[in-house]
Amino acid sequence: MMVVRPERRDIRIIGYHLGRILTGLSLIMLPAALVGLALGEWNSATALLTGVGITLAIGQLAEWRLATRSPLTLAHGTVVVALAWLLGSLLASIPILLSGHVSGVLDAWFEAMSGLTTSGLTVVQDLDHLSYSMNLYRHLTHFAGGQGIVIVVLALFAAGSGLGTLYAAEGRDERVMPNVRRTARFIFRVALSYLVVGTVTLTIALWAAGIPGWRGLWHALNLFIAAFDTGGFTPMSTSIGYYHAPAVEAVLVVLMLAGTVSFALHHQLWMGRYRAASETLETRTLAVTIVALTSVTLVALAVAGSYLDAGGLVRKGAFTIVSAHSGTGFAVTSGTLLVSDWAPLALAAVVVAMGLGGMAGSTAGGIKAIRVAVATKGVLHDIRRLLLPESAMVVTSYHAGRDTILRDREVRGAMTVLLLYLATYLAGTAVALVTGPWGVTEALFESVSAAANVGLSVGIVTPEMPKVLQVTYLLQMWLGRLEFFAAFALVGYAISLARGRA
Amino acid sequence: MRRSEPVLRRLLLIPGILLVTLFIALQAFHTGTAPAVDVGPSPALRSELPPLVDVAPRCQRDRTGLDVDGAVVGPLDLPPDHRVSSAQLLGCPAAFDGRRVTFVGELIGDLLGRDGGAWVLVNDDDYALEVGPLPAHRDRRGINSGMSVWLPDRLQVGITGLGGPGQRGDLVRIEGVIRRTDPSDGGGMTLRAETLEVLAPSAPVEEPLNVAQVWLAAAALALALGIWSARRLRADR
């Protein structure tokens, strides 16, 4: 394969746009710093302000010294996005490192990467005593990453050229509005509407659950961000199990589902086109897999006697599947209990749900419903072609906003990404098996959770896990969020630079 | 092309080296400015805590039932003057189902009031029993662990405070019954308290102001502001 070696001009373009994204990212830390100052959490506030200062300084320096009017190509944009997630998460880790709740740079980077990729796996120590402002900051990383760092920059600070290319390079190929900036603003408007309605509803549910006053609002805001951005961080160490409240769980299920559907579908719903929204292949596929996997889980749990009453069975089983399938990673059952008290088949259903993920163009990770559907239709198409006479013309179509003929190129694309996800899931499993004492089930569970950006854990992800495994999960979260190709482009750039010739 | 080689190398290498240096410096700063405030239970109280029972059952469910270390669940020896830990309970809930146990830990978060009582999280990790809450010190002992406890109204009378940011909660000794799947908690595993004794009252966690970090934040913000201003000035020209 011949790759043209990047030149100085290419590096300038990449560095300049990277600087713009880092400038935007630095401002995400600011609200949490202000909360810290308001509550008198001085050490947290100064940790956050240090993060703001360093990230802003690097961003501004890059924008100043590497300023260029050269156009940003898709190849540049792809490398910028891949680097933005790596470098952005590293710089976003500064406040977490200085908080004193992690052991070192790697733990802080892991936490920030988990937050920005909306994974939700955590290595924060003594979370239950973490300051309000630092805990809010963890959740704001979900917001920045879930809406897409580029989307945040586009919606808030959009100016100049190249942002449309970055938008496409971030893996967001849907344009629900005529241009990319209006699309970004629509996504932001949807998110803000859900923010208001979701936070108010959750606050009421939390007040009723026994968390009064501003603390109810604070919990509600954090939970909303984590649910709608399919993140998975929670303010307390016992996740959603902490609240003991069916009403809170019910609201979160709605928000998780809202987070896992694409913004194109939100647009259809926004415009009142309910029927059109329900007819798309992706909607139907997601509905079928959620119902099927929930059914398998409930039957498996019932047969194995994991729960004694139907209420508990449905509440724990259904919530866990929605949490896994949406890519959120909220837990109502301790990870240890999943291994010690859940039926193996139920655990397998959770792994499959995590691996499949939500809709393309949403905040969810995983393989995505549309790829599963297209790959399945491709297989069925080939079987039909085998069974029919050779002269028969076999045409398969699907509904994705409009009726579309299934082409080999689409099937190949879906299959390629599907296989890459499977390979990543297996690679993480293998590293866990080699480096630790865990069995295949636990190793596979944690690997899929990391690569599909889910965040459910059976207890492997802790501050004490082997460093090699921690780096593996960190890379899996990054690869899963970028859906591989931006990362491959970055590696290709690096190789062609290292080779030293054009 | 050949002439641009050193420039290209500079564009790539210098930021990389600076970034690595920055994080090495931040790690050193983080370690070097660590506070060390004693916020844990007193040594006398620590030595008086009931010892842990000497059992560590692990179980996994097979397709139709439960398998404890490959054997049937037998009666565990739980002496009344010994306590159990959340790790033991979660490792094999079936082995403790319906058993009366002693549990010691820190009340955390909120008393989530319901009819006749409240749910509360009781952590029995090292932050509760040994070293006290972070970030008042740097003796990190991993993630939190604890149990969901149902406290009837009559047991809440002596509670002085719950743990959270800037606050260590009451250290309590609870006796109660374990329920592997509690219908009143939607099937969750709970400890239903029958007695509660406050061993050490709640106390604020005094985290000293990290003056060096104040200066670091001020320097970083000044640097950012300086670069931003210089860039603006250059653009205006």
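What you see is a predicted model; the values in this text were computed from it and never measured. (Residues numbered from 1 in each chain as written. Chains lettered and ligands numbered in written order. Predicted model: local features only at pLDDT ≥ 70, side-chain atom pairs only at ≥ 80, totals over all residues.)

As a further point, take the overall build of chain B. Within chain B, the regular secondary structure consists of six helices and nine strands. Across the 237 residues in chain B, those meeting the buried criterion constitute 38%. (Helix = DSSP H or I, 4+ residues; strand = E, 2+ residues; numbered from the N terminus. Buried ≥ 20, exposed ≤ 12 C-beta atoms within 10 Å, placed from the backbone.)

Before going further, it helps to spend a moment on the overall build of chain A. When helices and strands are counted, chain A shows 22 helices and two strands. Here chain A has a C-alpha radius of gyration of 22 Å; the compact-globule value for 502 residues is 23 Å, and the two agree. Counting across all 502 residues of chain A, residues that qualify as buried make up 60%. Of all intrachain contacts in chain A linking residues separated by at least 6 positions in sequence, the fraction that spans at least 24 positions is 75%. (Rg over C-alpha atoms; globule rule 2.2 N^0.38 Å. Contact = placed C-beta atoms within 7 Å.)

With that settled, the discussion passes to the environment of Leu83 of chain A. All names here are of chain A. Following the sequence through the fold, Leu83 ends up in helix α3 (residues 74–92). As a C-alpha pair, Leu83 and Val491 span 408 residues in sequence and 10 Å in three-dimensional space. Discounting chain neighbours no more than four positions away, the residues touching Leu83 are Leu18 and Leu490.

Turning our attention to the nonpolar core. With 204 residues, the main nonpolar core has Val350 of chain A together with Val122 of chain B as its most contacted residues. No other element matches the 13 residues that helix α1 (residues 8–39) of chain A contributes to this core. Residue contacts for Val350 of chain A: discarding those within four places in its chain leaves Thr297, Thr320, Ile321, Ala324 and Leu456 of chain A. (Core = buried A, V, L, I, M, F, W, Y, C linked by C-beta atoms within 7 Å.)

In this section: the interface of chain B and chain A. Taken residue by residue, the interface counts 65 residues in chain B and 70 residues in chain A. At the level of elements, α1 (5–32), β1 (59–61), α3 (86–91), β3 (100–114), β4 (117–123), β8 (188–200) and α6 (211–236) of chain B are the ones that each hand at least two residues to the side of chain B that touches chain A. Looking at the side of chain B that touches chain A element by element, the count peaks at 12 residues for α6 of chain B. Residue classes in the side of chain B that touches chain A are distributed as 36 nonpolar, 21 polar and eight charged. (Nonpolar A, V, L, I, M, F, W, Y, C, P; charged D, E, K, R; others polar.)

In space, the five strands of this closed barrel follow the order β3-β4-β5-β8-β7 (chain B), with mixed pairing throughout. Adjacent strand axes in the sheet meet at a mean angle of 50° when their direction is disregarded. (Pairing = 2+ DSSP bridges. Axes fitted to C-alpha atoms, helices over the stretch in contact; angles between N-to-C directions.)

Here the bond from Leu134 of chain B into Pro135 of chain B is cis, since omega is 5°, no more than 30 degrees from zero. Here Pro135 of chain B shows up in the loop between α5 (126–129) and β5 (146–152). For Ser239 of chain A, which is not glycine, the phi torsion reads 55° and is therefore positive. Tracing the sequence through the fold places Ser239 of chain A in the loop between α10 (213–228) and α11 (246–260). For Ser239 of chain A, a count of 25 C-beta atoms within 10 Å corresponds to the buried category. Although it is not a glycine, Glu483 of chain A sits at a positive phi angle of roughly 55°.

Residues and elements named next belong to chain B. Of the strand pairs in this sheet, β3 and strand β7 (residues 171–182) are connected by seven bridges, and their pairing is antiparallel. By the bridge assignment, Val101 is partnered in β7 with Gly176. With antiparallel pairing between neighbouring strands as the criterion, β3 and β4 make up a hairpin whose turn holds two residues, including Gly116 at a positive phi of roughly 85°.

Another point: the confidence of the model for chain B. Averaged over every residue, the pLDDT of chain B is 87; the share at 70 or more is 89%. Both scores are available for the predicted complex, with the pTM at 0.93 and the ipTM at 0.92. (pLDDT = per-residue confidence, 0-100.)

Moving on: the packing of α3 of chain A against helix α22 (residues 485–499) of chain A. Residue and element names in this part refer to chain A. Contact pair α3 / α22: the axes reach a minimum separation of 8 Å and the direction vectors enclose 100°. The pairing of α3 with α22 is recorded here as roughly perpendicular in orientation. Here Ala75, Thr78, Val79, Val81, Ala82 and Leu83 of α3 come into contact with α22, specifically with Ala486, Ala487, Ala489, Leu490 and Tyr493. Within the contact of α3 with α22, the residues separate by chemical class into 10 nonpolar, one polar and no charged. (Parallel < 35°, antiparallel > 145°, perpendicular 65-115°, else oblique.)

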